[in-house]
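Architecture and fold: a report
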Amino acid sequence: MADTTFEIDELLSDGITNTPPSFVRAILKAASDPNVTSFAGGLPNPISFPQEKLMESMERVVAERGADAFQYSATAGIEELRGWIADRYNKRFGTDYVADDVLITTGSQQVLDLLGKVLLDKGDGVIVEKPTYLAAIQAFALNQPVFREVELTEDGLNIEELNEALDAGAKMIYLIPNFQNPTGLTYTEEGRRQVREALANRNIVVVEDDPYGELRFEGESLPYIGGVNHPHGVIMGSFSKTVTPGFRMGYLLTKDHALLKALNTAKEAADLHTNVFSQYVVYDYLTHNDLDEHLVKIRDLYGKQAAAMVEAMGEYFPANVSFTKPEGGMFLWVTLPEGISTMDMFDKALERNVAFVPGDPFYAEPGKHSTMRLNFTNADEDTIRDGIRRLGEVIAEVVAE
């Protein structure tokens, strides 16, 4: 038999070949040393996990649901949980969702994957914030679209750039209006109005990703942009930041049932349905406990951690380094003087046992950037202060070069 070597590269799709692996995953591995203070991951604080209450729910589900908790189920998700989600949004935002407007997914990341599969062909336009959530770039890139970046400002989107991107053509716009990942910025009420007006007469799917909306520790809640009132509006949500990330429990809400049917078909082809046992456990937890009471504890914790990081940066970062001051969520954004590559700076920081995420992966178009994302939710206040002090020393050295 001939000794023939076949290369798998010849068989891989263009989509996967041109989609980079998650840079954050590589960073988390590099920062896994227990001596490293990591501001890199988007990890909720484990203190916020209601472990005892979830154990009670697991036991109750096994005792009361029996075989149903271990059987195949509907692709859309169990009706009880979908109804609970619809009711919560109706109470919070005055909407009129019903269970049939909800699709339960394997984490909100699956929503991004399904939207890409259902909407995007090679060369189709998709509008994203600049910068935007790196895993959204990764999910959409598999379908080889054309990314149309629109500058994110402190008020929202640059409206002139948004109109140019819309005129150039796009099937979908992806927005994170509350405590944006990576910047921590929140669109103002006026900023939301301007974006809403720009999208009003466009045949485009408007996706608002809101995993952090209930983690507001300052200010007042603001209305959605188009996710609840545009003909093709989609709201994305998740229990990862409010209950537990390990269950991978996300969802979407939309009144566009033609789009929902397509998403349901794509999900059926992907995994048949989301973990049924986890759905029942989450539903049981939500109906036997006060989620709002639990959220107060998380908000209080994250508010103190964010304040500790902002205060430390004000003390230890050079004056020509700016940073955002989030009103909620899990992240803030640091901007160094132009020309300094935070990607090049990462190894220097790791030598000082501190890690962050360089800004580069958060831009759809490749290039070197002088920005970085910091997570403040997975370390106590003293650890945050010490880590920021060491990071400030690294930044000062790089800025002075």
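These lines cover the structure that appears in this document, whether it is placed above or below. Note that this is a predicted model, so its numbers are computed, not measured. (Residues numbered from 1 in each chain as written. Predicted model: local features only at pLDDT ≥ 70, side-chain atom pairs only at ≥ 80, totals over all residues. Heavy atoms only, no water.)

As for the sheet that holds strand 10 (residues 331-335)
We apply this condition: Between any two strands, at least two bridges found by DSSP are needed for them to pair. Where helices and strands are cited, they refer to DSSP runs of H or I of at least four residues and of E of at least two residues respectively, numbered from the N terminus. Should any heavy atoms of two residues lie within 4.5 Å, those residues are counted as being in contact. Angular values range over 0 to 180 degrees, each being the angle between N-to-C directions of two axes fitted as lines to C-alpha atoms, with helices fitted over their stretch in contact.
Strand order in the open sheet made by the four strands is 9-10-13-12, with antiparallel pairing throughout. The sheet is open, and its two edges are formed by strand 9 (322-323) and strand 12 (357-358), each paired on a single side. Note: strand 12 against strand 13 (residues 371-375), two bridges, orientation antiparallel. From the neighbouring strand, Val-357 faces strand 13, where its bridge partner is Arg-373. Contacting strand 9, strand 10 and strand 13, helix 11 (residues 291-316) crosses the sheet at an angle of about 15° to strand 10.

Description of the packing of aromatic side chains
Selection criterion: Any pair of Phe, Tyr and Trp rings, taking the six-membered ring for Trp, is counted once the centres come within 6.5 Å. Such a pair is stacked with planes under 30 degrees apart, edge-to-face with planes over 60 apart, and tilted for the rest. Burial status follows relative accessibility: with a 1.4 Å probe on protein chains alone, a residue under 20% of its type maximum counts as buried, one over 50% as exposed, and anything between as partly exposed. Two conditions define a charge sitting above a ring: the NZ of Lys or the CZ of Arg must be within 6 Å of the ring centre, and it must be within 35 degrees of the ring normal.
Inspection of every chain in the model, using the stated rule, returns 13 aromatic pairs. Where Phe-217 meets Phe-376, the ring centres are 6.2 Å apart and the plane angle is 75°; that geometry is what we call edge-to-face. Of this pair, Phe-217 sits in the loop between strand 6 (205-209) and strand 7 (233-238) while Phe-376 sits in the loop between strand 13 and helix 13 (381-400), and the two are 159 residues apart along the sequence. Take Phe-376: its relative accessible area is 0%, and that puts it in the buried class. Here Trp-333 and Phe-362 contribute two aromatic rings whose centre-to-centre distance is 5.8 Å and whose plane-to-plane angle is 90°, an arrangement assigned as edge-to-face. Of the two residues, Trp-333 is situated in strand 10 and Phe-362 in the loop between strand 12 and strand 13; the sequence distance between them amounts to 29 residues. Like Trp-333, the residue Phe-362 is buried in the burial classification. Every member of this aromatic cluster is reached through a ring pair, and the members are Trp-84, Tyr-89, Phe-93, Tyr-224, Phe-239 and Tyr-251. Above the plane of the ring of Tyr-89 lies Arg-92, whose end atom (NZ or CZ) is 5.9 Å from the centre.

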